[in-house]
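Here's the letter readout for the chains.
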Amino acid sequence: MTLYYDPVARLGRDREVFQGRWEDRLWLNVPGPFYGGETDTCRTGRLSAPHHVLYGGEYLTEYVYRQPRTRAETARLVEAADCDPFLGYGCDGDSRWTPGAVREWWSDRRRITHYLSTQDWEAIDWPQQRVAHAVRDYESYLAGRLATDLRIYLHWLEEGRSPAAGERLPDL
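Just so you know, these numbers come straight off a predicted model, no measurement behind them.

(A) Broad picture of helix 2 (residues 71-83). Compared with the 18 Å implied by 1.5 Å per residue over 13 residues, the 18 Å span of helix 2 between its first and last C-alpha is a close match. Restricting attention to buried positions, one finds in helix 2 the residues T74, L77, V78, A80 and A81. Each buried residue of helix 2 lies within a common arc of 160° when the element is viewed along its axis, so the set occupies one face. Lining the buried residues of helix 2 we find helix 1 (45-48), strand 2 (53-56), strand 3 (61-64) and strand 4 (89-90).

(B) Looking closely at the pattern of salt bridges. For the structure on display, the rule yields 11 salt bridges. The residue R13 makes a salt bridge to E16 at a minimum N-O spacing of 3.9 Å. The class for R13 is exposed, based on a relative accessible area of 69%. R69 is the salt-bridge partner of D149, the closest N and O atoms lying 2.8 Å from each other. Residue D149 is located in helix 6 (residues 146-159), and its partner R69 is located in the loop between strand 3 and helix 2; the two are separated by 80 residues in the primary sequence.

(C) Examining the environment of L3 more closely. In this fold, L3 is placed in the segment before strand 1 (35-36). Each C-alpha atom, one on L3 and one on R69, is 9.3 Å from the other, the two residues being 66 residues apart in sequence. With residues up to four places along the chain from it excluded, the contact list for L3 reads R69, I152, S162, P163 and A164.

(D) Molecular detail of helix 4 (residues 109-118). Of all the residues in helix 4, the buried ones are I112, Y115 and L116. For helix 4, the angular spread of the buried residues around the axis is 95°, confining them to a single face. In helix 4, the exposed positions angled more than 90 degrees off the buried face are occupied by R110, H114 and S117. Those residues of helix 4 that are buried lie in contact with strand 2, strand 3, helix 3 (99-107) and helix 5 (131-143).

Cut-offs applied
- Residues numbered from 1 in each chain as written.
- Predicted model: local features only at pLDDT ≥ 70, side-chain atom pairs only at ≥ 80, totals over all residues.
- Heavy atoms only, no water.
- Helix = DSSP H or I, 4+ residues; strand = E, 2+ residues; numbered from the N terminus.
- Expected span 1.5 Å × (residues − 1).
- Buried < 20%, exposed > 50% of the residue type's maximum accessible area, 1.4 Å probe, protein only.
- Arc of directions from axis to C-beta.
- Contact = heavy atoms within 4.5 Å.
- Salt bridge = Lys/Arg side-chain N within 4 Å of Asp/Glu carboxyl O.

Take a look at the structure:
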């Protein structure tokens, strides 16, 4: 069993829908291969990938709050990216994130929790989107499982492979 699922290796032609620029990524994106940059504000991302995409920032653009861990989850994120008319999603995070940058993002996570807790998500909870529910999911993820997922991702970045079961993971 592998601990890190590499979704980019299986993208094939779907890679074409990921034309976002690293420089444009929203600071709320969780470290990993996928991110939202200058995406549209049409509120389509959560329709395709409700467990991975949220809206935020000044213009409520789309960002990835949970990286995919299966082929099916990756397909949903590909669909979200494909529905974005600005083609603002990127998939080159693995070549952009460094262990130091991941650790820096993690150490600044209070900025994210503060942002999430100070917005009126109920007011922008568009029909069928469940944005407020997803924000609570992101908050819970930040307080729980994300630390382990990032340590696994750090191993992937540092070693170029998934850690084996029981192998020591890098510190955040």
